[in-house]
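So you can see what is in the structure, the chains are spelled out below.
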Amino acid sequence: MQSEFAAKQTISPAPERQHPWRGYFFIAAATFCWGAAVAVGKAIFNGSLFAGHALISPMVLTQARTTFAVLVFGPILLLRFGRRIFSISRTDLWLCALVGTLGVACSNFFYYLAVQKSTVSLAITIQYIAPLWVLIYMVVRGRERPTFQRTAAAFVAMTGTALAIGVFQTGTKFSVIAVLAALLASFGYAFYNVAAQTLVTRNHQFTVMFYMLLGRQ
């Protein structure tokens, strides 16, 4: 059953197709913001941001940023769209809570843990193999075909990740905890992308985003 807002959106005229370069710009902007946020997080963990004092842990930072996002995002949605933006079916509400917990919160917490135990570059490189897990899931479920191009891209991604963290370099030392945490973050991020794709077909993307953030509380 669709939410009231989604149902209203269904009967509205189809929006004009956006130019793909606009989507690429949004992806680049999101990547920049993500990298900037984790750089600040690393500075907090190692105490270089506040006079040599590490103030908070990865768990506290993950919770604080989520709470702040909900407190800011909720009123903005209410003023922009009205109460109908918060209308959602009970099934999708539970699914948003699940994705918010096992997807977004899991991804953020283990990502920050990897950053704390190692470096930003290691954490972000390993987490960004999440599309590989998404591809594997889609192939197993029969939603996509394992073409040569996709298989080659997956192999290159894994090889590039191994080279980036120094797996093949003699004498390279890296935190096992950080690598495992970054892998768990990539799994959570992959789950978030797969599940959210289904949710946004039935609800407004802002509705899904709000309830996923709320589910992380």
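Residues numbered from 1 in each chain as written. Predicted model: local features only at pLDDT ≥ 70, side-chain atom pairs only at ≥ 80, totals over all residues. Heavy atoms only, no water.

### A few points about the layout of surface pockets
A water-sized probe, rolled over the atoms, reveals where empty space remains. Of the voids in this model, the largest pocket is the one considered here, and its volume is about 1,400 Å³. Lining the largest pocket are 34 residues; nearest its centre among them are Ala-30, Trp-34, Tyr-189, Tyr-192 and Met-209. Those elements that place two or more of their residues in the lining of the largest pocket are α2 (20-45), α3 (58-81), α4 (90-117), α6 (130-140), α8 (176-199) and α9 (205-215). The leading source of residues in the lining of the largest pocket is α2, at ten residues. Of the residues assigned to the lining of the largest pocket, the class counts are 23 nonpolar, nine polar and two charged. (1 Å grid on protein atoms, 1.4 Å probe; cavity = no way out; pocket = protein on both sides within 12 Å on 5 of 7 lines; lining within 4 Å. Points joined across faces, edges and corners; volume = space filled by probe spheres on them. Helix = DSSP H or I, 4+ residues; strand = E, 2+ residues; numbered from the N terminus. Nonpolar A, V, L, I, M, F, W, Y, C, P; charged D, E, K, R; others polar.)

### Concerning the packing of α6 against α8
Any two packed helices are characterised by the angle at which their axes cross and by the distance between the axes. It is the contact of α6 with α8, at a shortest axis distance of 8 Å, that shows an interaxial angle of 50°. In terms of orientation, α6 and α8 fall into the oblique class. Here α6 and α8 pass one another in a crossing that is right-handed. Of the residues in α8, those touching α6 at Ala-130, Trp-133, Val-134, Tyr-137 and Met-138 are Leu-183, Ser-186, Phe-187, Tyr-189, Ala-190, Val-194 and Gln-197. In terms of residue class, the contact of α6 with α8 is made up of ten nonpolar, two polar and no charged. (Axes fitted to C-alpha atoms, helices over the stretch in contact; angles between N-to-C directions. Parallel < 35°, antiparallel > 145°, perpendicular 65-115°, else oblique. Left-handed = near helix turned anticlockwise from the far one by under 90°. Contact = heavy atoms within 4.5 Å.)

### Details of α9
Among all positions of α9, only Thr-207, Val-208, Phe-210, Tyr-211, Met-212 and Leu-213 are buried. Tucked inside the fold, the buried residues of α9 contact α3, α4 and α8. (Buried < 20%, exposed > 50% of the residue type's maximum accessible area, 1.4 Å probe, protein only.)

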